[in-house]
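Coordinates in review
The primary structure of each chain is shown beneath.
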Protein chains: 2
Amino acid sequence: MPRARSNSTAPTPSASSPDTVFEGAIRGMVGYNLKRAYIVLHAAARAAAEDFGLRVPTFSCLSVIVRNPGITPSALAEHLKIERPNLVVIVDELETRELIRRTQMKTDRRRYELTVTVRGRRLHDQAAEAIRDAEAQCLQGLGAEDQARLIDLLNKIENAMTEAPVSAAEHTGPPPP
Amino acid sequence: MPRARSNSTAPTPSASSPDTVFEGAIRGMVGYNLKRAYIVLHAAARAAAEDFGLRVPTFSCLSVIVRNPGITPSALAEHLKIERPNLVVIVDELETRELIRRTQMKTDRRRYELTVTVRGRRLHDQAAEAIRDAEAQCLQGLGAEDQARLIDLLNKIENAMTEAPVSAAEHTGPPPP
DNA sequence: TATTGTTATACTCTATAACTATA
DNA sequence: TATAGTTATAGAGTATAACAATA
């Protein structure tokens, strides 16, 4: 492979301090574009959630608890890919605000069942609607079909790694004995 | 609109601690799926960049400097949506490692021109290739057409907000002439 | 011994206020 | 006064080690 130019289609770099900034090698990378779109959507979701005194991860936890009454903190943490120590503070806050309840299991007293309260359920439904509306504002340029296609593509990325977790190191040479 | 169930197509919530976790309202939200895909790609890019002693934001800066010789820190910060104070430490590190040079402008001695060194250029090209390879590993499930479509959709989200920053409040009335 | 929930802690990334030197 | 770069600092979000209670 020849010594790579950073971008095959873009114009030649200008001599000095341009007023229009050209993209480097990063623009063609999916991760870079993913991050910039995520920033937009996350800011919108964050602002919407804030109106209900919720941060985005807190809402996510509440949402999964609503959908899975009796889920344990461990299962919740694993599902949302949150480290258990970090989940504790979220669950603490949800419980303090009386949006969820923590009940010790009798069969295994190490574990706790998380269930949403009526108040928590109501707040969740309101916040979910507000966040959905905020997202819709950001997604005006995309039709319903585009949105479904986008989610499908994103899920393919997410699942590809969990199903075929082949490391780059194993890919270049033979595995150690 | 009736009192929303969290998800119209999913099965009824199970009675207690399920071994399969159902998604809440969040699975239908684009931002949630965006984040999870981003985590996968960012982890891959981070691991690849680490082999060259670079963090992802550091590589992004280097990449834009390569493509825009003479760019000022302010322009770089604005373009990458990095706060200027945070950019300083990145530029400091790049300069300390002699990957870029900082030269004071004679026409305006407040400003600096950032240019890549030969060493920086070489490292950038190697890192870019490694990161691209790492991304490709994550994107095995997507064809070239899918990837282009994904980037297009992501850019639409990013640009929709900067072009039409219409607040929800302004949205209820008729558009201005 | 292994697991659940927990505490404390550290590290990355990001955000804000205020300073300096130039203009 | 306004701007570019900088400093210091604070806040999210995330990650790791180690502990007590329980199995």
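These notes cover the structure that comes with them. (Residues numbered from 1 in each chain as written. Chains lettered and ligands numbered in written order. Predicted model: local features only at pLDDT ≥ 70, side-chain atom pairs only at ≥ 80, totals over all residues. Heavy atoms only, no water.)

Summarising the element assignment, N33 of chain B is placed in helix α1 (residues 30-50). The class for N33 of chain B is buried, based on a relative accessible area of 0%. One polar contact links the side chain of N33 of chain B to the main-chain carbonyl oxygen of M29 of chain B, over a distance of 2.7 Å. Apart from the residues lying within four places of it in its own chain, the contact partners of N33 of chain B are I151, L154 and N155 of chain A together with I26, R27 and G28 of chain B. (Helix = DSSP H or I, 4+ residues; strand = E, 2+ residues; numbered from the N terminus. Buried < 20%, exposed > 50% of the residue type's maximum accessible area, 1.4 Å probe, protein only. Polar contact = N/O pair within 3.5 Å; in protein donor to acceptor, adjacent residues only side chain to side chain. Contact = heavy atoms within 4.5 Å.)

Structurally, R36 of chain A can be placed in helix α1 (residues 30-50). The class for R36 of chain A is buried, based on a relative accessible area of 10%. Within polar-contact distance, the side chain of R36 of chain A engages the backbone oxygen of H79 of chain B at 3.2 Å. Ignoring any residue separated from it by four or fewer positions in sequence, one finds R36 of chain A in contact with R27 of chain A together with H79, L80, K81 and E158 of chain B.

Turning to the protein's contact with DNA strand C, a few remarks are in order. Around DNA strand C there are 18 residues in total, and P73, S74 and P85 of chain A together with R55 and N86 of chain B lie nearest to it. By atom count, sugar and phosphate contribute 53% of the portion of DNA strand C lying within 4 Å of the protein. Within the side chain of S74 of chain A, a nitrogen or oxygen atom sits 2.5 Å from a phosphate oxygen of DNA strand C. Contact distances for DNA strand C include 3.0 Å between a phosphate oxygen and a side-chain N or O atom of R102 of chain A. Breaking the surface near DNA strand C down by element, the ones donating at least two residues are α3 (73-80) and α4 (84-96) of chain A together with α4 (84-96) of chain B. (Near = heavy atom within 4 Å.)

Moving on to helix α5 (residues 118-138) of chain B. When the terminal C-alpha atoms of α5 of chain B are compared, their 31 Å separation across 21 residues agrees well with the 30 Å that a helix rising 1.5 Å per residue should span. Listing the buried residues of α5 of chain B in full gives G120, L123, H124, D125, A127, A128, I131, A134, E135, Q137 and C138 of chain B. (Expected span 1.5 Å × (residues − 1).)

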